[in-house]
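Each chain, letter by letter, is given below.
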Amino acid sequence: MKINIIGGGPAGMYFAILMKHARAAHEITIYERNGPDDTFGWGVVFSGKTLANLRAADEPSHAEITRNFEAWDNVDVVHRGEKISIHGNSFSGIARLRLLKILQRRCEELGVEVRFRAEVADFDSLRADCDLLVAADGVNSLVRQTFAEKFRPDLSVRPNKYIWYGTNHLFHGLTLTFRETQTGVFAAHSYKFDQATSTFIVECDAKTWNKAGFAEMSDEETRAYLAEVFAADLNGRPLLSNNSKWLNFLLVKNGRWSFENVVLLGDALHTAHFSIGSGTKLAMEDAIALKECFDENPDVSSSLERFEEARRPVIEEYQAAAYESMLWFEDARTYMHLAPIDLAYVLMTRSGRVDEGKLRERDPHFVDAYERVKGKR
Ligand SMILES: Cc1cc2nc3c(=O)[nH]c(=O)nc-3n(C[C@H](O)[C@H](O)[C@H](O)COP(=O)(O)OP(=O)(O)OC[C@H]3O[C@@H](n4cnc5c(N)ncnc54)[C@H](O)[C@@H]3O)c2cc1C
């Protein structure tokens, strides 16, 4: 089979790896507009369950990924300067660039052709030239936009602002930090992803953002302002920029996932708010699911139909949980009156996926402490 893939991110590369590994005769080409060392952002997070899926799908890349991991089991909630730790949550972090390098090497090893600095604009020619065209071209997918009548995208620009920084202060856990200032409430999502660096994403509502005057600030001024807000949490360390810009989260869904020989994959197909992790996880698990459909039946149109049928319910359930989490952060200011332990409890149960029973299984000490405090009131 001849497969063309637009986008050399986790979705596109991982799908190429799995298909080529399954059948060396497949002729697979990835078109990527950036160079092999260009990337945005800092680290990404995987849960323990995702790692098991990656191991089952492709041992060699799993081994490389886990060799480069920073792992932890705690979520830390910091409010009014007090840190509450909740254990029993298995997560690992890796630099996005390192992950891409591992996938690039595996593509090369298997004989997948990756064409860097190859921006695709003529999607019709590319799809006419292959049996299957995979559009793994990210959240702002031009393929999705070009064939909007077929995919029927449902896009929602969310009101909160966020910016993705790094820092050399190490956060030894998935840390959610809240700082109330005269301007408004700022939340930071942070975690280490190698031995020297953590991701540090700052989020605030539009009212806070306007009041702070970020629209008029330079990148430098913005960084200095936020480093000051979180000075105690960063231990005085600066925030590091990687061409970091304020963004509004774009929630992506699609009425149809494929037409003829074209299919959307990863962020082009769906997004889930970063507060629940993890676009990379979903992108790579999409690749596994699509490859499994080809294992069952190599016919392109039935595989694409089967992919949507099997994967849509999983994605919808995940997006529903991520939606609740996103709304929680959009309303964060309404929870700031809570005591730190109450805030931690509400946060841990915000997506509706974790109830008291599940939380107790993960960390009985935390639930006991919470109940003791509640009982005393
Ligand atoms: C603030 C923030 C925090 C995040 N945190 C996490 C996290 O903790 N964990 C996690 O797993 N994920 C996280 N993500 C999400 C993650 O970055 C994406 O979900 C993931 O990269 C999706 O993979 P993808 O392959 O679908 O798309 P991408 O990684 O976006 O790859 C798409 C690729 O397509 C290329 N491309 C696009 N158009 C064209 C074209 N016309 N021609 C050629 N090439 C093209 C792009 O250059 C890009 O390399 C976060 C995202 C944000 C914004």
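What you are looking at is a predicted structure, and each value in this text was computed from that prediction instead of being measured. Along each chain, numbering runs from 1 in the same order as the chain's sequence is written. With the structure being a predicted model, the display of local features is reserved for residues of pLDDT at least 70 and the display and counting of side-chain atom pairs for 80 or more, all residues being used for whole-chain, interface and lining totals. To get the side-chain values, take all heavy atoms of the structure and skip hydrogens and water.

*Asks:* Please give an account of the overall build of the chain that cites residues and values.
*Replies:* When helices and strands are tallied, the chain shows 15 helices and 17 strands. Its C-alpha radius of gyration of 21 Å places the chain within 12% of the 21 Å reference for a compact globule of 377 residues. Expressed as lengths along the three principal axes of its C-alpha atoms, the size of the chain is roughly 65 × 50 × 40 Å. Remark: exposure states derive from per-residue accessible area (1.4 Å probe, protein chains only) relative to the maximum for the residue type, with buried under 20%, exposed over 50%, and partly exposed in between. Taken over 377 residues, the chain has a buried fraction of 55%. Starting at the N terminus, helices and strands are each numbered in turn, a helix being any DSSP run of H or I of at least four residues and a strand any DSSP run of E of at least two. Throughout, radius of gyration means the C-alpha value; the globule benchmark is 2.2 Å times the number of residues raised to the power 0.38.

*Asks:* Residues and numbers for the site of the ligand, please.
*Replies:* Taken together, the neighbourhood of the ligand is formed by 32 residues, with Ala-11, Glu-32, Arg-96, Asp-267 and Thr-280 sitting nearest. Two N or O atoms form a polar contact when they lie within 3.5 Å of each other; inside protein one atom must be a possible hydrogen donor and the other a possible acceptor, and for residues adjacent in sequence the pair counts only when both atoms belong to side chains. Arg-33 has a polar backbone atom sitting 3.0 Å from a nitrogen atom of the ligand. With respect to the ligand, the side chain of Arg-96 contributes an N or O atom lying 2.7 Å from an oxygen atom. Reported accessibility uses the Shrake-Rupley method at a 1.4 Å probe radius. Residues are deemed covered only where the shown protein chains occlude them. Coverage of the ligand by the protein amounts to 92% of the 990 Å² it exposes when considered alone. Each residue gets one label: Ala, Val, Leu, Ile, Met, Phe, Trp, Tyr, Cys and Pro are nonpolar, Asp, Glu, Lys and Arg are charged, and the others, such as Gly, are polar. Here the shell around the ligand is composed, by residue class, of 16 nonpolar, nine polar and seven charged. The near set for a molecule or strand comprises every residue that places at least one heavy atom within 4 Å of it.

*Asks:* Summarise the packing of helix H2 (residues 48-57) against helix H11 (residues 279-296); cite the residues concerned and give the values.
*Replies:* With axes taken as lines fitted to C-alpha atoms, and helix axes fitted only over the stretch in contact, angles between N-to-C directions fall between 0 and 180 degrees. Contact geometry of H2 with H11 gives a least axis separation of 11 Å together with a crossing angle of 35°. As H2 runs across H11, the sense of the crossing is left-handed. Contacts from Thr-50, Asn-53, Leu-54 and Ala-57 in H2 reach Lys-281, Met-284, Glu-285 and Ile-288 in H11. Among the residues making up the contact of H2 with H11, the classes are represented as four nonpolar, two polar and two charged. Handedness of a crossing is defined here by the sense of rotation of the near helix relative to the far one, left-handed for an anticlockwise turn of less than a right angle and right-handed for a clockwise turn. Contact criterion: two residues are considered in contact whenever any of their non-hydrogen atoms come within 4.5 Å of each other.

*Asks:* Tell me what's going on with the side chain of Arg-350, and back it up with residues and numbers.
*Replies:* If you trace the backbone, Arg-350 turns up in the loop between helix H13 (340-348) and helix H14 (356-362). The contacts of Arg-350, once residues within four sequence positions are left out, are Ser-275, Glu-324, Ser-325, Trp-328 and Phe-329.

*Asks:* Before we move on, could you go through the layout of surface pockets and cite the residues and values that matter?
*Replies:* Any residue with an atom within 4 Å of a point lines the site, the site being either a cavity, points on a 1 Å grid over the protein atoms alone where a 1.4 Å probe fits but cannot get out, or a pocket, an open set with protein on both sides within 12 Å along at least 5 of 7 lines. Grid points are joined across faces, edges and corners, and a volume is the space filled by probe spheres set on the points. By volume, the second largest pocket is sized at about 220 Å³. Around the second largest pocket, the lining comprises 14 residues; the ones closest to its centre are Lys-83, His-169, Phe-171, Thr-175 and Asp-233. Grouping the constituent residues of the lining of the second largest pocket by class yields four nonpolar, six polar and four charged.

*Asks:* Give me the packing of aromatic side chains: which residues, what numbers.
*Replies:* The pairing test for Phe, Tyr and Trp rings, Trp by its six-membered ring, is centres within 6.5 Å, and the orientation test on the planes gives stacked under 30 degrees, edge-to-face over 60, and tilted for anything in between. Per the counting criterion, the structure on display carries 23 aromatic pairs. Ring geometry for Phe-186 versus Phe-214: centroids 6.3 Å apart, planes at 85°, classification edge-to-face. Placement of Phe-186 in strand E12 (residues 185-192) and of Phe-214 in the loop between helix H8 (206-212) and helix H9 (219-229) is noted, with a sequence separation of 28 residues between them. Each member of the pair Phe-186 and Phe-214 is classed as buried. A ring pair is formed by Tyr-345 and Tyr-370, whose centres lie 3.9 Å apart and whose planes are at 5°; its orientation type is stacked.

*Asks:* Outline the pattern of salt bridges, supporting the account with residue identities and numerical values.
*Replies:* Any Lys or Arg side-chain nitrogen located within 4 Å of an Asp or Glu carboxyl oxygen qualifies as a salt bridge. Under the criterion given, the structure shown has 26 salt bridges. Residue Arg-127 is joined to Glu-260 by a salt bridge in which the shortest nitrogen-to-oxygen separation is 2.9 Å. Highlighted residues: Arg-127 in helix H5 (residues 123-128) and Glu-260 in the loop between strand E16 (258-259) and strand E17 (262-264), separated in sequence by 133 residues. For Glu-260, a relative accessible area of 55% translates into the label exposed. Asp-219 is the salt-bridge partner of Lys-245, the closest N and O atoms lying 2.9 Å from each other. Of the two residues, Lys-245 sits in the loop between strand E14 (239-240) and strand E15 (247-254) while Asp-219 sits in helix H9, which places them 26 residues apart along the sequence. For Asp-219, a relative accessible area of 42% translates into the label partly exposed. Look at the salt bridges and you will find they share partners, linking Asp-58, Arg-106 and Glu-109 into a network.

*Asks:* Describe the sheet that holds strand E1 (residues 2-6), with residues and values.
*Replies:* Strand pairing follows a simple DSSP-based rule, namely that at least 2 bridges must link the two strands. Spatially, E8-E2-E1-E9-E17-E16 is the arrangement adopted by the six strands of the open sheet, whose pairing is mixed. Either end of the sheet is taken by a strand with one partner, and the two such strands are strand E8 (113-115) and E16. As paired strands, E1 and strand E9 (residues 132-135) are joined by four bridges and run parallel to one another. The partner of Ile-6 across the bridge, within E9, is Ala-135. In the packing of helix H1 (residues 10-22) onto the sheet, contacts are made with E1, strand E2 (27-31) and E9, and the angle to E2 comes to roughly 170°. Where helix H12 (residues 300-330) meets the sheet, its contacts fall on E9, E16 and E17, and the angle it forms with E17 comes to roughly 20°.

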